[in-house]
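Below, each chain spelled out in residue letters.
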Amino acid sequence: MLQELSIKNFAIIDELFLSIEKGLTVLTGETGAGKSIIIDAVHLLVGGRGSSEFVRHGEKKAEIEGLFILDDPTHPCYERAREFGIDIEEGMIILHRDLSSAGKSVCRINGKLVTISILREVGSTLIDIHGQHEHQELMNESNHLRLLDQYGSQEIEQALNNYGILYKQYEQTLSKIKSLSENEQQMAHRLDLIQFQLREIQGANLQLNEDEELMEEKRKLSNFEKLFDSLKTSYGALQGEQKGIDWVGLAMTQLEAAAEIEKDFSPILESVSNCFYILEDVARTIRNEYDSLEYSPERLNDIESRLNEINQLKRKYGGTVEDILEYSATIEEEIETIINRESHIEDLQKKLYQVQKDLFLEAKQLHDLRKIWADQLTKAIHDELKHLYMDKTIFEVRFLQSAGELKGNPNPPFRKDGLDIIEFYISTNPGEPLKPLNKVASGGELSRMMLALKTIFSKHQGITSIIFDEVDTGVSGRVAQAIAEKIYQVSEHSQVLCISHLPQVAAMADTHLFIMKETVDGRTRTLVRTLEHNEKIKEVGRMISGVEITDKTKEHAEELLQLAYAKKAT
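Residues numbered from 1 in each chain as written. Predicted model: local features only at pLDDT ≥ 70, side-chain atom pairs only at ≥ 80, totals over all residues. Heavy atoms only, no water.

**Some thoughts on the sheet that holds strand β6 (residues 105-109)**
How we decide: Any two strands between which DSSP finds at least two bridges are classified as paired. Only DSSP runs of H or I covering at least 4 residues are called helices, and only runs of E covering at least 2 are called strands; the numbering of each starts at the N terminus. Lines fitted to C-alpha atoms define the axes here, with helix axes fitted over just the stretch in contact, and angles between the N-to-C directions of these axes take values from 0 to 180 degrees. Any two residues whose heavy atoms approach within 4.5 Å at even a single point are treated as in contact.
Spatially, the six strands line up as an open sheet ordered β2-β1-β4-β5-β6-β7, and their pairing is antiparallel. The open sheet has two free edges, formed respectively by β2 (13-19) and β7 (112-114), since each of these has just one partner strand. Put simply, the sheet's adjacent strands are angled 15 degrees from each other on average, direction ignored. Where β6 lies against β7, three bridges are found, and the strand directions are antiparallel. Within β7, the residue paired with I109 across the bridge is K112. With respect to the sheet, helix α3 (residues 116-123) is in contact with β5 (92-100), β6 and β7, its orientation differing from that of β6 by roughly 45 degrees.

This is the structure we're talking about:
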């Protein structure tokens, strides 16, 4: 959910800080007080289009920041953040956006600079803003199939995964066939190139770890003089004039005599004896290494030349000898495939035919499940519409293309989500034909239709917060009460912020924010105050009657609030 929102120098807002609670938060106030400006700021925060006109007059930039809390570890925001290399710790994600007076934006997510498109990608998983005339997710027919799959996820998800595994094989096989069926001249040029590369690599006769072994040998030869002097000096210290080992031997002899007198010296004698024999072994080893040392300028030149040859191959074919050998194996296989491409294409086409058959069966099973859940969704939406006094409305999940219709097609238009193309259709008046959802014209009907869909899909979409910007325009009476109850019902599954002019909606609020503006030193600014119960009565009364609030109005407002509390309790 959106827990904290900070807005600075945005339109008529100089500085505003909001702590937003769970459930339903309603924003009310006089027209022009700045309610929609707050929503505009949130819209910019999640990647909306910005303009220098949003920056408060006389200021250099506007700043908007929001803290979101993700209670669900499977929230889609986590996956989206991982795609863009953004870390989310302790379930907190902070979006920040600066908008300069020159119109330039700077966006950050958890402190990391991102583009506006990335901000929009992540923001879309956190907030869904719905205004009466705004093109939203539910109105976009390209999203309808995904919404249906989310609604029936307990069964559809597994079928979709099974289909996805085969679809990946299908894409890979198609890609191989396309690659082998390219222009013959291009294929011949490719064959010449990789045959030359293979001859060059094979001619080098590379061995695994050869470069590392050569570098080690080069290091020894390059430091021959230092190594020779070190071994000579160390051997002389042990067996030369200083006779280090002889002195240790003398100590051992004297300790033997001491141990015969006092047994407590036996452990010391044992330690010195061990050291004596170890030093003897070391001295022999040093002498052998010393005698075997041989400096060869010719060998150093050979190593330099070989390493240069290997480095040239690395620049062309890979960072290590292992990479070069792997590339060699890859192009050797490719050469064989190109030379015998006719037989390979034939084999791939046979494989493609079998994959298509299996994929079609998975697509058919996916379609059958979608049909079942489409019927359930239709029933659920009709039930919701009845509660919103749209019992004459007909809703339909229309399959514009399905697996059943494509049976017998030798090349079905497979997509990553199956063969189905669906769109939501409705008819709001008896006798009128069903039309696509985005063709609905009436504002009041559109508001109720959207609320019915939101009530159902808010349980499945995983959106953290939903904002309704005056979606109750054009309704009144019992419909207004029904809308208020539906908005509250949506808030039971997602945090909801709602700008409203309906007293019925305000009465259902868990948190009621009153937006007002004042003039200080000749400048207008927006203020927000959280209303207590008595203040709610006054504000709901104003929404009922207008400017003049009588005792009767207050009684009506109090009654409306009490009815709302009782309704929420059930």
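**Quick word on the packing of aromatic side chains**
Note on aromatic pairs: each is described by the distance of the centres and the angle between the planes. Cut-off, in case you're wondering: Stacked, tilted and edge-to-face are the three classes assigned to paired rings of Phe, Tyr and Trp, where Trp is represented by its six-membered ring and a pair needs centres within 6.5 Å; plane angles under 30 degrees give stacked, over 60 edge-to-face, the rest tilted. Only protein chains enter the accessibility calculation, which uses a 1.4 Å probe; a residue is then buried when its area is under 20% of its type maximum, exposed when over 50%, and partly exposed in between.
Enumeration according to the criterion identifies eight aromatic pairs in this entry. Seen in terms of ring centroids, Y167 and Y170 are 6.0 Å apart; in terms of plane orientation they differ by 35 degrees. Their pairing is tilted. Residue Y167 and its partner Y170 are both found in helix α5 (residues 153-180); the two are separated by three residues, about one turn of the helix. Judged by its relative accessible area of 13%, Y167 falls in the buried class.

**So, the pattern of salt bridges**
Heads up, the rule is: Salt bridge, as applied in this entry: a Lys or Arg side-chain nitrogen positioned within 4 Å of an Asp or Glu carboxyl oxygen.
Inspection of the entire model under this criterion finds 27 salt bridges. For the salt bridge of E200 with K316, the shortest nitrogen-to-oxygen distance reads 2.9 Å. Here E200, found in helix α6 (residues 184-204), pairs with K316, found in helix α11 (residues 297-317); they are 116 residues apart in sequence, far enough to count as distant. One salt-bridge network, in which partners are shared between bridges, spans D14, E518 and R525.

**With respect to unusual backbone geometry**
Residue A11 is not a glycine yet carries a positive backbone phi of 55 degrees. Structurally, A11 is set in the loop between β1 (2-10) and β2.

**Quick word on the packing of helix α4 (residues 144-151) against helix α13 (residues 341-387)**
When two helices pack together, their arrangement is given by the angle between the helix axes and the distance between those axes. Operational definition: Note that the term roughly parallel is reserved for angles under 35 degrees, roughly antiparallel for angles over 145, roughly perpendicular for angles of 65 to 115, and oblique for everything else. Amino acid classes used here: Ala, Val, Leu, Ile, Met, Phe, Trp, Tyr, Cys and Pro are nonpolar; Asp, Glu, Lys and Arg are charged; the rest, including Gly, are polar.
Two elements in contact, α4 and α13, have axes separated by 10 Å at closest approach and are oriented at 90 degrees. Taken together, α4 and α13 sit at an angle that is classed as roughly perpendicular. The segment α4 lies against α13, with L145, L148, D149 and Y151 engaging R370, W373, A374, Q376, L377 and A380. When grouped by side-chain class, the residues that make up the contact of α4 with α13 number seven nonpolar, one polar and two charged.

**Considering the sheet that holds strand β11 (residues 435-436)**
With antiparallel pairing, the three strands of this open sheet are ordered in space as β9-β10-β11. The sheet terminates laterally at β9 (394-401) and β11, the two strands that pair on one side only. When β9 meets strand β10 (residues 421-427), the two strands line up antiparallel, connected through seven bridges. Bridging across to β10, E396 finds its partner in Y425.

**Some points on the environment of L385**
Structurally, L385 can be placed in helix α13. Classification of L385 by relative accessible area gives buried; the value is 0%. Each C-alpha atom of the pair L385 and T428 lies 10 Å from the other, and the pair is 43 residues apart in sequence. Setting aside residues no more than four positions away along its own chain, L385 makes contact with M390, D391, T393, R448, M449 and A452.

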